[in-house]
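Residue-level listing of the chains:
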Amino acid sequence: MQSADLIIIGGGLIGLATAYYASQTQQRIFLLEKEADIAQHQSKQNWSMLELGARFAPASHAAYHLRYGIRLLRDFCAREKLAIVDRSLLYVAADDSDLPSLHEIQRRAIANGISAEWLASVRTIEPHSNGIAGLLLPHCGIFDPNAVARRLALRFEMNGGRILTNQRVVGLQERDEGVIVQTKTETWITQRVINCAGLYADRLAEKMGATFTETIVPFRGEQFTLKPYASQLCHNIILPVADLVLPFNGIGLTRTQDGTVFVGTNAVMAGGREQHRKGQISFRTSAENLLSPAVRKLTRRHFQTALWEQRRSFSRELFALTLQRLVPAISKHDLQRAPAGTQGFAVRDDGTFVNDFVLAETPRSFHVLSVANGGATAALSIGRMIADPNRQ
Ligand SMILES: Cc1cc2nc3c(=O)[nH]c(=O)nc-3n(C[C@H](O)[C@H](O)[C@H](O)COP(=O)(O)OP(=O)(O)OC[C@H]3O[C@@H](n4cnc5c(N)ncnc54)[C@H](O)[C@@H]3O)c2cc1C
């Protein structure tokens, strides 16, 4: 049996950020990652946008960690000479029905300390959009999650930490003398465990007896890119005024660092945890979804939306139609399929979305259960908090 002071499970941005901070004050830290390389799941398939958190309720964990996470990420990137490209974020009201929610986003943004300017005309920012009004959040940006992940890993290892790949954690047991961590090939005893296993974090937390009432439901975010000739249709980041009860941003456009414009996402309940492709279905996840009372209530509550997202999943035409509310010139011929990414969203027993980050702990462990929408931006803030052994 091998021994450690701290084991971190999961080499995505949150696990790596946690490892980076922990290695500044602690020793004998091991990060176990089940894949052959780090950052191969959510931390790879994302839009690279600094999520400002305007949609989150001001008192939420998410609003706090996004605000602080942006500061830490900007400082880290500046120190490490990693680029963050400035972009404005524009919420676009396509018609009168969007206006009440746009006002609410502005109210929340201001309460969260985010600059948010009401625009009567959106064309000054996005010449191809024909929205009737907009909300401009000027201090957004695009970073490179892959570069950040690799630099965090490098710094962690330079501080003496070790990353072990191809180490899927299959067993966890909390005992008086420490936590027993089992991978397929090794057994460890450690003083503390931090579980940042992304889409599998809830399953590992259950193994350790962590208490949480939420059900984590995987959703596949389907997306396209604009073909290069159409990419001038979006200069910054354009988001719709999506239903604030749902945790999804809706289908918008993001110009990334290299000028590629991502379009999405269409959120459909996924048939598997890390099954990012449509046809890939896990029997266990599908059965869990079917049998879960929370998921059944969720589906009943949002039946119309779910049906619409399912239809759009099979129709490029409907996808383009949705986008035309923001930018009328886009046609289905401008869209090129891009890899989808899956995220885990937390749902309460009554079938409502939590719309916040969900964390849990036991005496010797901490579990990051859901950081959907913004987890990449918040990674350094969450990592710094949970790496602190003296945390209250
Ligand atoms: C389509 C899409 C777009 C997004 N856009 C943005 C954006 O623009 N801005 C933003 O801030 N956020 C965005 N996000 C969210 C963000 O990407 C995630 O919240 C963040 O990457 C989560 O990081 P993580 O480390 O928790 O998870 P992950 O990156 O999924 O890492 C978890 C790791 O744990 C490993 N693991 C799992 N089980 C085990 C096990 N049993 N043993 C060992 N290792 C295990 C996995 O292999 C994986 O490497 C987006 C997400 C998606 C899907």
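To start, this report covers the structure provided alongside it. (Residues numbered from 1 in each chain as written. Predicted model: local features only at pLDDT ≥ 70, side-chain atom pairs only at ≥ 80, totals over all residues. Heavy atoms only, no water.)

## Overview of the environment of glycine 11
Definition in use: Put simply, DSSP H or I for four residues or longer makes a helix, DSSP E for two residues or longer makes a strand, and each gets a number counted from the N terminus. For this analysis, residues touch if any pair of their heavy atoms sits within 4.5 Å.
With respect to the helices and strands, glycine 11 occurs in the loop between strand 1 (2-9) and helix 1 (13-25). For the pair glycine 11 and alanine 22, spaced 11 residues apart in sequence, the C-alpha to C-alpha distance is 14 Å. Residue contacts for glycine 11: discarding those within four places in its chain leaves Leu16, Leu31, Glu33, Ile38 and Ala39.

## Topic: the side chain of serine 129
The condition that has to hold: Each residue gets one of three labels from its accessible area relative to the maximum for its type: buried under 20%, exposed over 50%, partly exposed in between, using a 1.4 Å probe on protein chains only. Within 3.5 Å is the distance limit for a polar contact, defined as a pair of N or O atoms, with the added protein rule that one can donate a hydrogen and the other accept it, and that residues adjacent in sequence qualify only through two side-chain atoms.
Along the chain, serine 129 turns up in the loop between strand 4 (117-119) and strand 5 (133-142). Residue serine 129 is classed as buried on the basis of its relative accessible area, which comes to 1%. At a separation of 3.5 Å, a polar atom in the side chain of serine 129 contacts the main-chain amide nitrogen of glycine 131.

## A closer look at the state of the cysteines
Cysteine pairs can be linked by a disulfide, which is a covalent bond between their two sulfur atoms. Formally: When the sulfur atoms of two cysteines come within 2.5 Å, that pair is taken as a disulfide.
Counted under the stated rule, the structure contains zero disulfides. Not engaged in a disulfide, the cysteine cysteine 196 finds its nearest cysteine sulfur in cysteine 77; these two sulfurs lie 19 Å apart. Overall, the relative accessible area of 8% leaves cysteine 196 in the buried class. Unpaired in this structure, cysteine 234 has its nearest cysteine sulfur neighbour in cysteine 140, at a distance of 11 Å.

## Considerations on the site of the ligand
Inclusion rule: Throughout, near means a residue has at least one heavy atom within 4 Å of the molecule or strand. Throughout, the Shrake-Rupley method with a 1.4 Å probe supplies accessible areas, and for residues the shown protein chains are the sole cover considered. Polarity classes work like this: nonpolar for Ala, Val, Leu, Ile, Met, Phe, Trp, Tyr, Cys and Pro, charged for Asp, Glu, Lys and Arg, and polar for all others, with Gly in that last group.
Surrounding the ligand, one finds 36 residues, the nearest of these being Glu33, Ser43, Met49, Val169 and Thr377. Backbone polar atom of valine 169 to a nitrogen atom of the ligand: 2.9 Å apart, as the coordinates give it. Valine 371 has a polar backbone atom sitting 3.3 Å from an oxygen atom of the ligand. Alone, the ligand offers 1000 Å² of accessible surface; in the complex the protein occludes 97% of this. For the shell around the ligand, the secondary structure elements donating two or more residues are helix 1, strand 14 (335-347) and helix 10 (375-387). For the shell around the ligand, a count of residues per class yields 13 nonpolar, 18 polar and five charged.

## As for the pattern of salt bridges
Stated formally: Here, a salt bridge means any Lys or Arg side-chain nitrogen found within 4 Å of an Asp or Glu carboxyl oxygen.
Tallied over the full model, the rule gives 16 salt bridges. Residue arginine 155 pairs with glutamate 80 through a salt bridge whose shortest N-O separation is 2.8 Å. With arginine 155 in helix 4 (residues 145-158) and glutamate 80 in helix 2 (residues 61-80), this pair connects stretches of sequence that are 75 residues apart. The class for glutamate 80 is buried, based on a relative accessible area of 10%. Notably, a salt bridge pairs arginine 325 with aspartate 95, separated by 3.0 Å at the nearest N-O pair. Of this pair, arginine 325 sits in the loop between helix 9 (316-324) and strand 14 while aspartate 95 sits in the loop between strand 3 (85-93) and helix 3 (99-111), and the two are 230 residues apart along the sequence. Assessed through its relative accessible area of 38%, arginine 325 is described here as partly exposed. What makes aspartate 95 partly exposed here is its relative accessible area of 31%.

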